Amino acid sequence: MVLYVIGLGLGDAQDITVKGLEAVRKSSRVYLEAYTSILTVGKEKLEEFYGKPLLLADRDLVEQGADEILRDADQTDVAFLVVGDPFGATTHIIHNASIMNAIGCCETVSFVFWTESWKPESYFDKICKNRAMGLHTLCLLDIKVKEQSIENMMSDVNVAPVYYYSLLFQGKKIFEPPRFMTVSQAADQLLQIIQRRRDEGEELGMTEETVCVGVARLGSDDQSICAAPLHELVSCDLGEPLHSLVVTGRLHPLELDMLRMNAQEGALEGVKMLDSSTFTS
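In this text the structure is predicted, and so the values were computed from the model without any measurement. (Residues numbered from 1 in each chain as written. Predicted model: local features only at pLDDT ≥ 70, side-chain atom pairs only at ≥ 80, totals over all residues. Heavy atoms only, no water.)

**Looking at the overall build of the protein chain**
Thinking step 1. Each helix and strand counted, the protein chain has 11 helices and 14 strands in total.
Thinking step 2. Restricting the contact set of the protein chain to residue pairs at least 6 apart, pairs at least 24 apart contribute 71%.
Thinking step 3. Put simply, the protein chain shows about 15300 Å² of open surface, and 54% of that area lies on carbon and sulfur atoms. (Helix = DSSP H or I, 4+ residues; strand = E, 2+ residues; numbered from the N terminus. Contact = heavy atoms within 4.5 Å. Areas by Shrake-Rupley, 256 points an atom, 1.4 Å probe, with all protein chains shown as cover.)

Here it is, written out as structure tokens:
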């Protein structure tokens, strides 16, 4: 008997591999990991296509209730579904397309939502190091699904302490509405970092004119791609989640031709030729 960890791909229910679908249909329980990413279709569409009911696995279940997921896995097949590719290395993991291989060869960093008191920017240094080596950087953008915030907890205590503590006593938690970072928000964070570091006299590894690529819902029928200087991406609207951002390094002429296919006229005029086979911004 096996615990299968199955990649679902990026688009819709039909992106699952044949091996993955066979594993789902023979499993006694099927969990859908539901906090690190999302598909462009809902749980009901997946259930209809797979012919199996799905159990949503939120962060609490995955991180605190793993024993429930593993229950009886030594006696029956259990499937754990992950959007994209689970990036594992055992014979019981069934791979699929993910943002990591759909986007091409890039170094990777993660952006997080800033708060008033917490504005980390270590990813900016990594981007600049990548650009110095000529590498592109894939920026994975934050998502908040079934998350609690200190502000929400304190607000509930101040407004309705009896109600709040009754929820705690009952073991219930108060969650924030889901949030998905957009390319526009990510670009705005980068611009704020650039301006601050410029004001401090720092030599910049990227600027407002650096060509970046915003992508949304890769692998779906309505995927959206926009190539433009960073400052223009602040005003772009790529629609529904999930979004990612690529900060370019050195560009091959073929890469530049592909970017022009997803750029507005004149958006890439600032790209400079370094030699006959290399461009940069």
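**As for the UniProt feature "binding site: S-adenosyl-L-methionine" (unreviewed entry) in the protein chain**
Thinking step 1. UniProt records the feature "binding site: S-adenosyl-L-methionine" (unreviewed entry) for Leu10, Asp85, Gly88, Ser98, Ile99, Leu141, Leu218 and His243 in the present numbering. Lining the largest pocket, from the residues just named, are Leu10, Asp85, Ser98, Ile99, Leu141, Leu218 and His243.
Thinking step 2. Tracing the chain through its elements places isoleucine 99 in helix H5 (residues 99-102).
Thinking step 3. Discounting chain neighbours no more than four positions away, the residues touching isoleucine 99 are Leu10, Leu138, Leu140, Leu218 and Ser244.
Thinking step 4. Tracing the sequence through the fold places leucine 218 in the loop between strand S10 (211-216) and strand S11 (224-229).
Thinking step 5. Every residue in contact with leucine 218, bar those within four places of it in the chain, is listed here: Leu10, Gly11, Ile99, Ala102, Ile103, Gln223 and Ile225. (UniProt positions renumbered as here; feature names shortened; annotations may be inferred. 1 Å grid on protein atoms, 1.4 Å probe; cavity = no way out; pocket = protein on both sides within 12 Å on 5 of 7 lines; lining within 4 Å.)

**Quick notes on the side chain of threonine 278**
Thinking step 1. With respect to the element layout, threonine 278 can be found in strand S14 (residues 278-280).
Thinking step 2. Those residues in contact with threonine 278 that lie beyond four places of it in its chain are Arg250, Leu251, Pro253, Lys272 and Met273.

**Points about the sheet that holds strand S3 (residues 55-57)**
Thinking step 1. Here 5 strands make up an open sheet; going across it, the order is S3-S2-S4-S1-S5 and the pairing parallel. Unpaired on one side and paired on the other, S3 and strand S5 (93-94) mark the two borders of the sheet.
Thinking step 2. Sheet analysis places strand S2 (residues 29-33) next to strand S4 (residues 78-82), joined by 4 bridges and oriented parallel. Pairing of arginine 29 across the sheet is with valine 78, part of S4.
Thinking step 3. Relative to the sheet, helix H1 (residues 18-26) contacts strand S1 (3-7), S2, S4 and S5, its axis offset from that of S1 by approximately 140°. (Pairing = 2+ DSSP bridges. Axes fitted to C-alpha atoms, helices over the stretch in contact; angles between N-to-C directions.)

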